[in-house]
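Spelled out from the first residue to the last, the chains are:
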Amino acid sequence: MASAINRRTFLRISGTTVVGAAAVTAGLATLPVKSWASDRGLTPDRVVPTFCELCFWKCGVLASVRNEKVYKLEGNPKHPLSNGKLCPRGTGGIGALYDPDRLKTPLIRTKVNGEDKWREASWDEALTYTATRLNEVKAKYGAQSIALFSHGHGGAFFKTLVKALGSTTIVAPSNDQCRGPRESGFELTYGDVVGSVENVDTPHAKCIAYLGTHLGENMHNTAVQDLSEASARGCTFITVDPRFSIIASKSKYWLPIKPGTDTALLLAWAHVLIDEKLYRADFVEQNVLGFEQLAAHVKDRTPEWAYLETGLEPSVIRETARELARNAPSAFVHPGRHVVWYGNDTQRSRAVAIVNGLLGNWGKKGGFYFPQSMGIPGYPGPKLPHGESYTPRLTFPLATAPCAYDVGLASVKDGDDEARIHAWVVYGCNVPLTLPNTAKTIEAMKALDFVVAVDTMPSEVTGYADVVLPENTYLERYDDLESTPYRVPYVALRQPAVASLYDSKPGWWIAKSLAEKLGLGEYFPWKDARDYLSTRMAKANLSFEQLEKDGVIVGPAAAIYEDGPLTLKTPSKKVEFFSQQMADAGLPPMPDYEPTEEPPTGYFRLLFGRSPVHTFSRTTNNPQLLEIVPENELWINTEMARVLGLKPGAKVMLENQDAVTTGPITLKVTERIRQDCVYMVHGFGREDRRLSRGYGRGASDSRLVTRVKRDPVMGGTGMNVNFVSISRWKEA
Ligand SMILES: Nc1nc2c(c(=O)[nH]1)N[C@H]1C(S)=C(S)[C@@H](COP(=O)(O)OP(=O)(O)OC[C@H]3O[C@@H](n4cnc5c(=O)[nH]c(N)nc54)[C@H](O)[C@@H]3O)O[C@H]1N2
Ligand SMILES: Nc1nc2c(c(=O)[nH]1)N[C@H]1C(S)=C(S)[C@@H](COP(=O)(O)OP(=O)(O)OC[C@H]3O[C@@H](n4cnc5c(=O)[nH]c(N)nc54)[C@H](O)[C@@H]3O)O[C@H]1N2
Ligand code: SF4
Ligand SMILES: [Mo]
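These figures come from a predicted structure and were not determined experimentally. (Residues numbered from 1 in each chain as written. Chains lettered and ligands numbered in written order. Predicted model: local features only at pLDDT ≥ 70, side-chain atom pairs only at ≥ 80, totals over all residues. Heavy atoms only, no water.)

1. Overview of the pattern of salt bridges
The following threshold applies: What counts as a salt bridge is simple: a side-chain nitrogen of Lys or Arg found within 4 Å of a carboxyl oxygen of Asp or Glu. Under the DSSP-based scheme used, a helix requires at least four consecutive residues in state H or I and a strand at least two consecutive residues in state E, with every element numbered from the N terminus. Under the scheme applied here, a residue whose accessible area is under 20% of the maximum for its type counts as buried, over 50% as exposed, and between as partly exposed, the area being computed with a 1.4 Å probe on protein chains only.
Going through the model one piece at a time under the given rule, you end up with 50 salt bridges. Between glutamate 460 and arginine 686 there is a salt bridge, with the nearest N and O atoms lying 2.7 Å from each other. Residue glutamate 460 is found in the loop between strand E15 (450-455) and strand E16 (467-470), and its partner arginine 686 is found in the loop between strand E24 (677-681) and helix H25 (701-704); the two are separated by 226 residues along the sequence. Take glutamate 460 and arginine 686: they sit in the same class, and that class is buried.

2. Re the sheet that holds strand E3 (residues 60-66)
Strand-to-strand pairing in sheets goes through backbone hydrogen bonds, with the strands running parallel or antiparallel. Definition in use: Any two strands with at least two DSSP bridges between them are considered paired. With axes taken as lines fitted to C-alpha atoms, and helix axes fitted only over the stretch in contact, angles between N-to-C directions fall between 0 and 180 degrees.
Spatial strand order, E2-E3-E4: 3 strands in an open sheet with antiparallel pairing. Of all the strands in the sheet, the pair left with one neighbour each is strand E2 (46-51) and strand E4 (69-75). Pairwise comparison of adjacent strand axes, ignoring direction, gives a mean angle of 30° for this sheet. In this structure, E2 lies alongside E3, joined through 6 bridges in antiparallel fashion. Its bridge partner lying in E3, valine 47 is registered against serine 64.

3. Some thoughts on the domain arrangement of the protein chain
What counts here: Either an automatic procedure or a domain database provided the assignment from which the domain bounds are taken. Any two residues whose heavy atoms approach within 4.5 Å at even a single point are treated as in contact. Reported buried area values correspond to the accessible surface (1.4 Å probe) lost by two parts on association, with both partners' losses combined. As used in this structure description, the phrase polar contact means that two N or O atoms lie within 3.5 Å; if the pair is within protein, one of them must be able to donate a hydrogen and the other to accept it, and residues adjacent in sequence are counted only when both atoms belong to side chains.
Along its sequence, the protein chain is carved into domain 1 (33-97), domain 2 (104-171 + 378-480 + 506-554), domain 3 (178-371 + 562-584) and domain 4 (604-728). For domain 2 versus domain 4, the separation of C-alpha centres amounts to 30 Å. Taken together, the contact between domain 2 and domain 4 spans 26 residues of the former and 23 residues of the latter. Between domain 2 and domain 4 the total buried area reaches about 1,900 Å² when both faces are included, carbon and sulfur atoms providing 54% of it. It is Leu433, Pro458 and Glu460 in domain 2 that bury the most area against domain 4; as a group they hold 27% of the surface buried on that side. Linking domain 2 with domain 4 are 2 salt bridges, by the criterion used here. Scanning the region where domain 2 abuts domain 4 turns up 11 residue pairs in polar contact (both at pLDDT 80 or more). Those elements that place two or more of their residues in the side of domain 2 that touches domain 4 are helix H16 (404-409), helix H17 (431-434) and helix H18 (438-447). A total of 3 residues in the side of domain 2 that touches domain 4 trace back to one element, the largest contributor, which is H18.

4. Some remarks on the packing of helix H13 (residues 303-310) against helix H14 (residues 314-327)
To keep things clear, this is the line we draw: Put simply, a crossing is left-handed when the front helix is turned counterclockwise from the back one by less than a right angle, and right-handed when it is turned clockwise. Residues are grouped as follows: nonpolar covers Ala, Val, Leu, Ile, Met, Phe, Trp, Tyr, Cys and Pro; charged covers Asp, Glu, Lys and Arg; every other residue, Gly included, is treated as polar.
Two elements in contact, H13 and H14, have axes separated by 8 Å at closest approach and are oriented at 115°. For H13 against H14, the interelement crossing comes out right-handed. For the pair H13 and H14, contact is made by Pro303, Glu304, Ala306, Tyr307 and Thr310 and by Pro314, Ile317 and Arg318, respectively. Taken together, the residues of the contact of H13 with H14 break down into 5 nonpolar, 1 polar and 2 charged.

5. Some thoughts on the site of ligand 1
Counted only if it meets this: To be near a molecule or strand, a residue needs just one of its heavy atoms within 4 Å of it. Here the Shrake-Rupley method, with its probe set to 1.4 Å, supplies the accessible areas, and only the displayed protein chains count as covering residues.
Near ligand 1 lie 30 residues; those nearest to it are His151, Thr434, Asp455, Ser459 and Arg618. Threonine 434 has a polar side-chain atom sitting 2.7 Å from an oxygen atom of ligand 1. Note that an oxygen atom of ligand 1 is positioned 2.6 Å from one of the side-chain N or O atoms of arginine 618. Contact with the protein chains hides 96% of the accessible area of ligand 1, taken as 930 Å² for the molecule alone. Elements represented by at least two residues in the shell around ligand 1 include exactly helix H7 (173-190), H17, E15 and H25. Among the residues forming the shell around ligand 1, the class breakdown is 11 nonpolar, 12 polar and 7 charged. Both domains that meet at the shell around ligand 1, namely domain 2 (104-171 + 378-480 + 506-554) and domain 4 (604-728), each give it at least three residues.

6. Topic: the nonpolar core
Let me state the cut-off plainly: To define a nonpolar core, start from buried Ala, Val, Leu, Ile, Met, Phe, Trp, Tyr and Cys residues and group those joined through side-chain atoms within 4.5 Å.
With 101 residues, the main nonpolar core has Val70, Leu73, Ile238, Trp269, Leu324, Val333 and Leu358 as its most contacted residues. Here the element with the most residues in this core is helix H10 (residues 262-275); it accounts for 10 residues. Those residues in contact with leucine 73 that sit more than four places away from it in its chain are Val61, Leu62, Ala63, Leu86, Gly90, Thr91, Gly93, Ile94, Tyr474 and Leu475. Counting 48 residues, the second largest nonpolar core, distinct from the first, contains Ala131, Tyr427, Leu481 and Leu514.

7. Regarding the site of ligand 2
Lining the immediate environment of ligand 2, one finds 32 residues, of which Asp241, Asp262, His338, Ser611 and His614 sit closest. Threonine 213 places a polar side-chain atom, nitrogen or oxygen, 2.9 Å from an oxygen atom of ligand 2. Between ligand 2 and aspartate 262 there is a distance of 2.7 Å, counted from a nitrogen atom to a side-chain nitrogen or oxygen. Protein contact buries 99% of the 930 Å² of open area that ligand 2 shows by itself. Taken together, the residues of the shell around ligand 2 break down into 14 nonpolar, 11 polar and 7 charged. When residues of the shell around ligand 2 are assigned to domains, at least three fall in each of domain 3 (178-371 + 562-584) and domain 4 (604-728).

8. Regarding the packing of aromatic side chains
Here is the rule: Two rings from Phe, Tyr or Trp (for Trp, the six-membered ring) form a pair when their centres are within 6.5 Å of each other. A pair whose planes differ by under 30 degrees is stacked, one over 60 is edge-to-face, and the rest are tilted. We call a charge positioned above a ring when the Lys NZ or Arg CZ atom is no farther than 6 Å from the ring centre and deviates by at most 35 degrees from the ring normal.
For the structure on display, the rule yields 23 aromatic pairs. The rings of Phe157, Tyr379, Trp508, Phe524, Trp526 and Tyr532 are connected pair by pair, giving a single aromatic cluster. Positioned over the ring face of tyrosine 98 is lysine 69, at 4.3 Å from the centre of the ring. Positioned above the aromatic ring of tryptophan 635, the side-chain terminus of lysine 668 is 4.6 Å from the ring centre.

9. Digging into unusual backbone geometry
Following alanine 328, the chain continues into proline 329 via a peptide bond in cis, with omega recorded as 5°. The residue proline 329 is located in the loop between H14 and strand E13 (331-333) in this model. The omega torsion across glycine 663 and proline 664 is 5°, close enough to zero to call that bond cis. In this structure, asparagine 113 takes a positive phi of about 50° despite not being glycine.

10. Observations regarding the sheet that holds strand E14 (residues 423-427)
The strand order E6-E5-E16-E15-E14-E7-E8 describes an open sheet built from 7 strands, whose pairing is mixed. With one partner strand each, in any of the chains shown, strand E6 (115-120) and strand E8 (170-171) form the two edges of the open sheet. With 4 bridges connecting them, E15 and E16 associate as parallel partners. Following the sheet pairing, valine 454 is matched in E16 by leucine 469. The sheet strands contacting helix H5 (residues 123-141) are strand E5 (107-112), E6, strand E7 (146-150), E14, E15 and E16, and the helix crosses E16 at an angle near 130°.

Now the structure itself:
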């Protein structure tokens, strides 16, 4: 039943229904503006420029403060990553600041009558205890057995701390659970990563293909603004997604591809571009290595061949390839962001990179630009020790960083193989919800000698820690300077809008104080954050006073396009369609298509993504954002709901192939998804009761992702390989 193919394989939207700039975000602009945003008429006592931490885009924010309370957050018009606007989550930052469930004081786990309990502690006691325990682990098992999990801008100070301890076991779920394979695929092909912010020149593009990347729900602020601008200029969008996403609704072509078959489509696109001589021959001649091998490789990868894999009409595959070619080089296939889908993800990203190479768009207006950054010297001080990383049980030939998932696995004994990781320092990661297989992650956390979590909220991760250190929210603290490579170089400042609430402290203070307790104070040689920041700015000959006043300093613009032949950082200095690095590692030098396992009878493939007003579990207890989207829903195709006898709004339970259950979750019955998959937003189904609003709303995709397919190139965890069955929820 679940494997029935949706006949509606292709939707073409006529020119007149392709909407303009305002309408691209219209679905989002109609979100209700609730009471918390109604006091906009007030006159502020002060307006403090800083930048957002509700997600990792880091938009410039202006915080209006009255009577020492932040009452309004707006985009900073001077900041290139917000242009005076914020996404709905950004304006909801006030909810994060004033969430009454926040962590308020350091906590230490203790035993009372044999039972684990939290005990409130002073900072001095909590840091002394943490330092003692970390030193014990280091003495017994070596520094490399201490792992840092880190996400978010404040992680920089904790990286210094863990390196000072002698460990380079530093991992981020934003690598092997997110964009790692994309960066590997592009680095292998162009010698450079796509980066965050992605270096796509959307505002000048004439045609863009989105493979799964669901901008509009994925609400990266300026990426969505760029999309509006492209749309206003008449850019054509091609959306390839098993689900009719927001961006699909703004697209000329929607290709409801069978999940897991994108590489087949990409090879067929390459076939059409070469077969019909539509590729940019000038670019290929000047810059590409391995064109002939690619031409031979995709000779049989016809649209007719791809049809059998993808379910997409050959005529549509041809038409969309021609549309991209007609607009090249101001056309691109978007590299995506959350790309750990089916395990063959670096190869799919290589295929994306290669199709872009055929479109000749690297360094071209409307293609991929060369980002600019502001070089800001570090604070003078001693060099960090060389440090050591742990030895993973599984290794991947072209991994550029250790995988968070493997660190999780190595934290538990495996047969005769003792655990290799003994302590975790966790900064801004909700590891049980973020790593595949929540139950396994919890088992690992229980097995560890010591866990310290630095967080703002009593998230699930803190429930398994020995020590919990409450950080200020971003609106109460300084942080390191921010200068992401972008279209223009800039440097931005995070500074407190209001004083610390409760007994929380800024990350820089926590890391520095902990280093001092560990006898490693020399690696934090500055007096305080202002000393650190102003010294770095002075070394760059930039004014700290101006940065405090404006929140951002934009540097002189430099060329972001290149007309002549390119000199790239690949071994051949060319765009490598054929990768000798891959061949040397025993991997296919050109991307090949591998079919993905099908859902068994009675099961649907589980897909997941983003809500425009939530960021993972960061916001699913946020009073303001929950007012707008209070829970996640399960998208299911209308015909499948009919077969199962389930009505829209029904509460259902989900059970995966390994008998793991979650729910109840409300059904969203819709024509907007294929019949072989279901879809939900990540970050709900919270399990810690201290989250008074978030607890128990909706279902947890994290629980259901018990299986992964590893990326053989860099170790990414393909997570779209889990299947679920659905049953009506019976109230106990
Ligand atoms: N099942 C499943 N797993 C996924 C995904 C998915 O879609 N489904 N998505 C993957 C992706 S794309 C990514 S990038 C990763 C992200 O996963 P993580 O890197 O873990 O990021 P978040 O979920 O944002 O981390 C949230 C934690 O940060 C805390 N936090 C928020 N603000 C602050 C702060 O200012 N300071 C500190 N110290 N803590 C703070 C929150 O309270 C929360 O505990 O997850 C990946 N894992
Ligand atoms: N509002 C909001 N925005 C965010 C975030 C957030 O938490 N909230 N998180 C940010 C982060 S860290 C990331 S990584 C990005 C992630 O955002 P994206 O990179 O845009 O999203 P994904 O989660 O990879 O993809 C989800 C989409 O892929 C589709 N899909 C699933 N399987 C397939 C397939 O086999 N083929 C194709 N073609 N499509 C498929 C799904 O139907 C869904 O529409 O979002 C960022 N932006
Ligand atoms: S995209 Fe939204 S949540 Fe992310 S930094 Fe910008 S305003 Fe904040
Ligand atoms: Mo991500």
